[in-house]
Each structure stands twice: as C-alpha cells, then as structure tokens.
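Chain by chain, the residues:
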Amino acid sequence: MSKVQIIVASTRPGRVGPSVARWIETAAKEHGGFADVELIDLLTVNLPFMDEPHAPAEHRYVHAHTKEWSATISGADAFVFVTPEYNGGFNAQLKNAIDYLFTEWRHKPVGLVGYGFTAGGARATQMLKSVVSAVGMTPVDGPHFASVHHLLDDNRELRPAAPAPAIAARMFDDLRRLSDALKPLRQERGLE
C-alpha cells in the first residue's frame, strides 16, 4: 500500500495553507496513484524548536514528540510540502520539521507546492530544493499559486485556474514513479 503525506507548513493565524493543502489532497485522491493520502498540519504536530541532543542521522531520539514525528514520517512513501513564501523563502516551522529527522526522509520524493503573492511561492520552493536534497529526498515541482487570496471562494476554499490541475496531476505521476523507483534503495538500507 503506497502512502503520500501532504504537509501544511504554515502555522500562523489566518493562514491560507490548509485551503491549498485540501485542494492538493483532493487532487491526490482524484489522481489515484497512492492508496493512502494523509493530510498533516504542522500547527497540530506542534514540534518545539529543535531540542534533540543527538544528530538526527544517529536516530537516537529522546523526546516523545520526536519519536511520534519519526513514526509518522516513516510511514510515507512520498510527500507534498505545501509552503508559503515569507521574505523570499520558506517558513521556519517547515525547516524545523525537516531538521528533526534524517533517515525517515531518505530516498523518498517530495512535491513542492508554493503559494504567496507575486511569485506564488516559487522562491520558497526553490530554496527548499537544496534542503530536501541534503536529507536525501528527490524534489518534484508542483503547482504554485500567485495572489492566492484572490483564488479563495467565500468559504476560503481554493479555486485555482488552469493549468494548476494538470500540474498537480503531473506532480503525482512523478511522485508515484519516483517512489517506486527509490523503493529498492529504501529496502536495501532498511528504511522501508
């Protein structure tokens, strides 16, 4: 059974991230490439600022919140990070969530979905590429949503224009193929 986790990066009040993530979740379910689609909100996960005494690559976690985060992430075959763009980059909560772990991310693909104003989160996802690559993930470009507040309906649900659905479908195609291709590496290293 293959599983993709969609991670909402923003935790601030009035955030748009959950609306974008719900749209991505619907696109994932409609795509059908993953048997299990799980939405994870970093606001709910509520990780404190990195407080583990050992390097994540050692996998010697001492705190319950880290062990829970590890178990959650270990169960996925692929990810989608839904990130805002703050000052030309991605937010600190997402960086913190990535930094808590190492082996749990390795040899797994990640779709990068950005949103914001003029650049639509493109600068944030570009910065994310180097970070996710450093922990052994394979980044895949996803849709970006510029002027995202103008794409929300009266219920604050996202209603993007074309070509977003086609880009999301292509992202899930790539995530599925990469997940399958990387699976032998995960198994060989005991990560599966």
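Attention in this report is confined to the structure presented alongside it.

Each value, and the rule that gives it
Residues numbered from 1 in each chain as written. Predicted model: local features only at pLDDT ≥ 70, side-chain atom pairs only at ≥ 80, totals over all residues. Heavy atoms only, no water. Buried < 20%, exposed > 50% of the residue type's maximum accessible area, 1.4 Å probe, protein only. Helix = DSSP H or I, 4+ residues; strand = E, 2+ residues; numbered from the N terminus. Pairing = 2+ DSSP bridges. Right-handed = clockwise from strand over helix to strand, strands pointing away. Expected span 1.5 Å × (residues − 1). Contact = heavy atoms within 4.5 Å.

Re the pairing of strand 4 (residues 109–115)
In step 1: A large share of strand 4 lies buried, amounting to seven of its seven residues.
In step 2: Residues Pro 109, Gly 111, Val 113 and Tyr 115 of strand 4 are buried on one face, and the alternating residues Val 110, Leu 112 and Gly 114, pointing to the opposite face, are buried as well.
In step 3: Two elements, strand 3 (residues 78–84) and strand 4, share six bridges in a ladder whose sense is parallel. By the bridge assignment, Thr 83 is partnered in strand 4 with Gly 114.
In step 4: In this view, the connection linking strand 3 to its parallel neighbour strand 4 by way of helix 4 (residues 92–99) has right-handed handedness.
In step 5: Of the strand pairs in this sheet, strand 4 and strand 5 (residues 138–145) are connected by six bridges, and their pairing is parallel. Within the sheet, the bridge partner assigned to Pro 109 lies in strand 5 and is Thr 138.
In step 6: Between strand 4 and its parallel partner strand 5, the chain crosses via helix 5 (residues 122–134), and the hand of that crossover is right-handed.

Some words on helix 5
In step 1: Here helix 5 contains 13 residues, and its C-alpha end-to-end distance of 19 Å stays within 8% of the 18 Å for a straight helix at 1.5 Å per residue.
In step 2: Buried residues of helix 5: Ala 124, Thr 125, Leu 128, Val 131 and Val 132, and no others.
In step 3: If you follow the buried residues of helix 5, they end up packed against strand 3, helix 4, strand 4 and strand 5.
In step 4: Where helix 5 terminates, the next one or two residues include Gly 136, which has phi positive at roughly 85°.

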